[in-house]
Amino acid sequence: MKNFLLQIFTWWNGQTMGTRFFTWRNGKRVGEDEFGNIYYEGGLTTFGLPRRWVIYKGYADASCIPPGWHGWIHHRTDVAPTKEDYKAREWEKGHRANATGTSLAYRPPGSIAVAGERPAVTGDYDAWTPGN
């Protein structure tokens, strides 16, 4: 019952009833990523490209889409990551979701959220003041 109500009244927790119906009617499941997000394809856009979408597992956050799927969903590649033998290079880092607004966000020294002085840089200048 809880999931049913969430699908009616919220769009940020997975899929809504409209998305569920549209996916059932038009979608062909293409694959799933390591986070549990499920990717679909079906129909054509007004540009003649195949329509692609994702059903998020949990909170709908676009930064939770890994790089391979991001390229596929934005039509940068026609081959879904599940259909190719992609091996990450040793210098590539693993995917992390955007941490902005959380306690894990980057806060440089001297920012409002962290004590300390901002280090001087070569681009520092003296601001103009009237009368100077």
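Small disclaimer: the values here were computed from a predicted structure and weren't measured. (Residues numbered from 1 in each chain as written. Predicted model: local features only at pLDDT ≥ 70, side-chain atom pairs only at ≥ 80, totals over all residues. Heavy atoms only, no water.)

Caption draft 1: Molecular detail of the overall build of the protein chain. Within the protein chain, the regular secondary structure consists of three helices and three strands. Helices and strands appear in the protein chain in the N-to-C order α-α-β-β-β-α. Scaling as 2.2 N^0.38, a compact globule of 132 residues should have a C-alpha radius of gyration of about 14 Å, whereas the protein chain reaches 22 Å, well beyond that. Taken along its principal axes, the extent of the C-alpha atoms in the protein chain is 70 × 40 × 30 Å. Residues counted as buried form 21% of the 132 residues belonging to the protein chain. (Helix = DSSP H or I, 4+ residues; strand = E, 2+ residues; numbered from the N terminus. Rg over C-alpha atoms; globule rule 2.2 N^0.38 Å. Buried < 20%, exposed > 50% of the residue type's maximum accessible area, 1.4 Å probe, protein only.)

Caption draft 2: A look at the nonpolar core. Residues Val30, Tyr39, Val54, Tyr56, Ala60, Ile65, Trp69, Trp72, Ile73 and Ala80 constitute the largest nonpolar core, which totals ten residues. By residue number, the principal contributor to this core is helix H3 (residues 67-73), which donates three residues. In contact with tryptophan 72, not counting residues within four places along its chain, are Val30, Tyr39, Tyr40, Glu41, Arg52, Thr77, Asp78, Val79, Ala80 and Pro81. (Core = buried A, V, L, I, M, F, W, Y, C linked by side-chain atoms within 4.5 Å. Contact = heavy atoms within 4.5 Å.)

Caption draft 3: Spotlight on the pattern of salt bridges. Applying the stated criterion to the full structure yields three salt bridges. The shortest N-O distance in the salt bridge between glutamate 41 and arginine 52 comes to 2.9 Å. Here arginine 52 lies in strand E3 (residues 50-55) and glutamate 41 lies in strand E2 (residues 38-44), a separation of eleven residues in the sequence. For arginine 52, the salt bridge goes to aspartate 78, with nearest N and O atoms at 3.9 Å. Here aspartate 78 lies in the segment after H3 and arginine 52 lies in strand E3, a separation of 26 residues in the sequence. Taken together, the salt bridges that share partners define one network made up of Glu41, Arg52 and Asp78. (Salt bridge = Lys/Arg side-chain N within 4 Å of Asp/Glu carboxyl O.)

Caption draft 4: Examining the side chain of asparagine 37 more closely. Position of asparagine 37 relative to the elements: it lies in the loop between strand E1 (28-32) and E2. Take asparagine 37: its relative accessible area is 2%, and that puts it in the buried class. Here the side chain of asparagine 37 touches cysteine 64 through a polar contact of 3.4 Å, landing on its backbone oxygen. (Polar contact = N/O pair within 3.5 Å; in protein donor to acceptor, adjacent residues only side chain to side chain.)

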